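Secondary and tertiary structure notes
Chain by chain, the residues:
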Amino acid sequence: MTFLKIDKICTYLILGISAFLLGYVALYSVSHYEDSESMNHFFIVEAIFSRPEMALDHWGKPLFIALSAPFSLFGDKGVMIFNAIIMLLSAWFASKLAKGLGAEFGFLAVVCTLFLPVYFPFAQSCLTEPLFGLVALMGAYYFLKEKYVLASILISFIIFSRSEGMLFIPIYLAVLLVKKQVKAIPFLFFGFIIYAIIGVWLGKPFFWFYYEYPYSSVISFYGKGPFWHWFIHHDKITGVTFS
């Protein structure tokens with residue numbers, strides 16, 4: 001049996017087992033990971049059926065709201081199942097990206113993605129981080145496959161999955177310039193234009209994303225910490241196995 005076939009079998013076997021585990025966590029958890037923050041995301045998502053303007057809520061993240069809304073019809077467990085699916089897709093794209101970068105066994109990327117202590121509990125939540133990760137992975141994968149326009153379109157929506165995604169836009173802009181893929185650059189603004197038009201349709205200004213940006217004037221309740229926080233607490237974030 002070739003390495004390629006072994007890797008394929010292991011990848012789908014781990015994904016299958018993980019699907020059962022994540023689904024079980026999503027369906028039978030008695031609380032939300034990150035408690036009120038997760039519940040608040042669910043309330044925002046389910047509200048769009050009675051208040052369409054909530055589709056552009058900054059805290060809820062417009063892309064997350066749009067994609068998870070059908071699942072919210074089944075309650076918060078439905079949105080948790082949505083997150084479980086997103087996590088499985090992320091692991092699959094991580095394995096494909098690892099193989100594209102020359103890794104012999106892509107299934108290890110599935111394990112490294114799904115079973116980090118900081119990641120697995122998201123199946124017990126309605127939080128937006130898994131979708132942000134999936135968009136980032138898909139963008140990187142299709143860029144690696146030299147599908148620059150598709151990668152640019154995907155990355156153009158990343159700011160609507162997490163606000164930190166705006167940092168990806170100048171990075172991709174720079175790399176596209178280096179790769180001399182100028183024709184793909186306008187597509188980095190595709191998502192912004194689509195949501196700007198939706199905003200105008202809902203009675204908002206064209207640049208509503210920036211006018212209504214809530215974080216610049218908010219004092220974060222997360223507090224502050226040392227620059228070396230990740231290195232100090234890496235055992236709790238990535239686990240002893242990956243330390």
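Report follows, based on the coordinates. Nothing here was measured: the structure is a model prediction, and the numbers come from that model.

1. Quick look at the overall build of the chain
A count of helices and strands for the chain gives 12 helices and zero strands. In the chain, the succession of helices and strands from N to C terminus is α-α-α-α-α-α-α-α-α-α-α-α. Relative to its length of 243 residues, the chain is compact, with a C-alpha radius of gyration of 19 Å against a globular reference of 18 Å. The principal-axis extents of the C-alpha atoms in the chain amount to approximately 60 × 50 × 40 Å. Counting across all 243 residues of the chain, residues that qualify as buried make up 43%. Long-range contacts, defined here as pairs at least 24 residues apart, represent 69% of the contacts in the chain between residues at least 6 apart. Separation of charge centres in the chain, based on 16 positive and 14 negative side chains, amounts to 12 Å.

2. Remarks on the packing of helix H6 (residues 129-144) against helix H8 (residues 168-178)
Packing of H6 against H8 brings their axes to within 13 Å, and their N-to-C directions diverge by 0°. Between H6 and H8, the angle falls in the class roughly parallel. Judged by residue contacts, Phe-132, Ala-136, Gly-139, Ala-140 and Phe-143 of H6 engage Phe-168, Tyr-172, Val-175 and Leu-176 from H8. Of the residues contributing to the contact of H6 with H8, the split by class is eight nonpolar, one polar and no charged.

3. Overview of the pattern of salt bridges
What the rule picks out here adds up to four salt bridges. For Arg-162, the salt bridge is made with Glu-129, and the minimal N-O distance between the two is 3.4 Å. Taken as a pair, Arg-162 in the loop between helix H7 (148-156) and H8 and Glu-129 in helix H6 lie far apart in primary sequence, 33 residues in all. Residue classification places Glu-129 among the partly exposed positions, given a relative accessible area of 27%. Beyond isolated ion pairs, a larger network of salt bridges with shared partners links Glu-129, Arg-162 and Glu-164.

4. Observations regarding the layout of surface pockets
Roughly 260 Å³ of internal volume is contained in the second largest pocket. Together, 13 residues line the second largest pocket, and Thr-113, Leu-116, Tyr-119, Glu-129 and Gly-133 are the ones closest to its centre. Contributions of two or more residues to the lining of the second largest pocket are made by helix H4 (76-100) and H6. Broken down by element, the lining of the second largest pocket gets its largest block of residues, six residues, from H6.

5. Some words on the side chain of Thr-113
Inspection of the secondary structure assignment puts Thr-113 in helix H5 (residues 107-114). Residue Thr-113 is classed as buried on the basis of its relative accessible area, which comes to 16%. Sequence-distant contacts of Thr-113, that is, excluding residues within four places in its chain, are made with Ser-90, Ala-91, Ala-94 and Tyr-119.

6. Concerning the packing of aromatic side chains
Within this structure, the stated rule accounts for 27 aromatic pairs. Ring geometry for Trp-92 against Phe-93: centres 5.2 Å apart, planes inclined by 75°, an arrangement best described as edge-to-face. Residue classification places Trp-92 among the partly exposed residues on the basis of a relative accessible area of 28%. Among the aromatic residues, ring-to-ring pairing joins Phe-157, Phe-160, Phe-190, Phe-192, Tyr-195, Phe-206, Phe-207, Trp-208, Phe-209 and Tyr-210 into one connected group.

7. A look at H4
When the terminal C-alpha atoms of H4 are compared, their 36 Å separation across 25 residues agrees well with the 36 Å that a helix rising 1.5 Å per residue should span. Remark: Gly-102 follows H4 within two positions and exhibits a positive phi of approximately 105°.

8. A look at the nonpolar core
Within the largest apolar cluster, 47 residues are counted, with the highest numbers of intra-cluster contacts made by Leu-63, Tyr-142, Ile-158, Ile-159, Phe-160, Leu-176 and Tyr-195. Those elements giving two or more residues to this core turn out to be helix H2 (35-47), helix H3 (62-72), H4, H6, H7, H8, helix H9 (190-201) and helix H10 (208-211). Not counting residues up to four positions away in its chain, the partners in contact with Ile-159 are Gly-165, Met-166, Ile-169, Phe-192 and Phe-209. Met-87, Leu-116, Phe-122 and Ala-123 belong to the second largest nonpolar core, which has 16 residues in total.

9. Thoughts on unusual backbone geometry
Unlike most non-glycine residues, Glu-34 shows phi in positive territory, near 70°. Within the secondary structure, Glu-34 sits in the loop between helix H1 (3-28) and H2. For Glu-34, a relative accessible area of 41% corresponds to the partly exposed category. With a phi angle near 45°, Asp-35 is a residue other than glycine that sits in the positive phi range. Its location among the elements puts Asp-35 in helix H2.

Cut-off values and rules
- Within each chain, residue numbers correspond to sequence positions counted from 1 in written order.
- Local features in a predicted model are, by the rule used here, given only for residues with pLDDT of at least 70; side-chain atom pairs are given and counted only at 80 or more, and totals for whole chains, interfaces and linings are based on all residues.
- Side-chain measures here rest on the full set of heavy atoms in the structure, leaving out hydrogens and waters.
- Secondary structure elements follow DSSP: runs of H or I no shorter than four residues count as helices, runs of E no shorter than two count as strands, and numbering proceeds from the N terminus.
- Note on method: radius of gyration uses C-alpha positions; expected globular size equals 2.2 Å times residues raised to 0.38.
- Type-normalised accessible area, obtained with a 1.4 Å probe on protein chains alone, sets the label of each residue: buried when under 20%, exposed when over 50%, and partly exposed for intermediate values.
- The contact criterion used is simple: two residues touch if any of their non-hydrogen atoms lie within 4.5 Å.
- Residues counted as positive are Lys and Arg, residues counted as negative are Asp and Glu, and His and the chain ends are not counted.
- Each charge is placed at NZ for Lys, CZ for Arg, CG for Asp and CD for Glu.
- Axis definition: a line fit to C-alpha positions, over the contact stretch in the case of helices; interaxial angles, taken between N-to-C directions, run 0 to 180 degrees.
- Here the word oblique covers every angle except those under 35 degrees (roughly parallel), over 145 (roughly antiparallel) and from 65 to 115 (roughly perpendicular).
- Gly counts as polar in this scheme, as do all residues outside two lists: the nonpolar Ala, Val, Leu, Ile, Met, Phe, Trp, Tyr, Cys and Pro, and the charged Asp, Glu, Lys and Arg.
- The term salt bridge refers to a side-chain nitrogen of Lys or Arg lying within 4 Å of a carboxyl oxygen of Asp or Glu.
- For cavity detection a 1 Å grid was placed over the protein atoms alone, and a set of points counts as a cavity when a 1.4 Å probe fits there but cannot get out; an open set counts as a pocket when protein lies on both sides within 12 Å along at least five of seven lines, with lining residues being those that have an atom within 4 Å of a point.
- Grid points are joined across faces, edges and corners, and a volume is the space filled by probe spheres set on the points.
- When the centres of two rings from Phe, Tyr and Trp lie within 6.5 Å, Trp using its six-membered ring, the rings pair. Their planes under 30 degrees apart give stacked, over 60 give edge-to-face, and anything left gives tilted.
- Here the expected span of a helix is defined as 1.5 Å times the quantity of residues minus one.
- By nonpolar core we mean a set of buried residues, namely Ala, Val, Leu, Ile, Met, Phe, Trp, Tyr and Cys, connected to one another through side-chain atoms within 4.5 Å.

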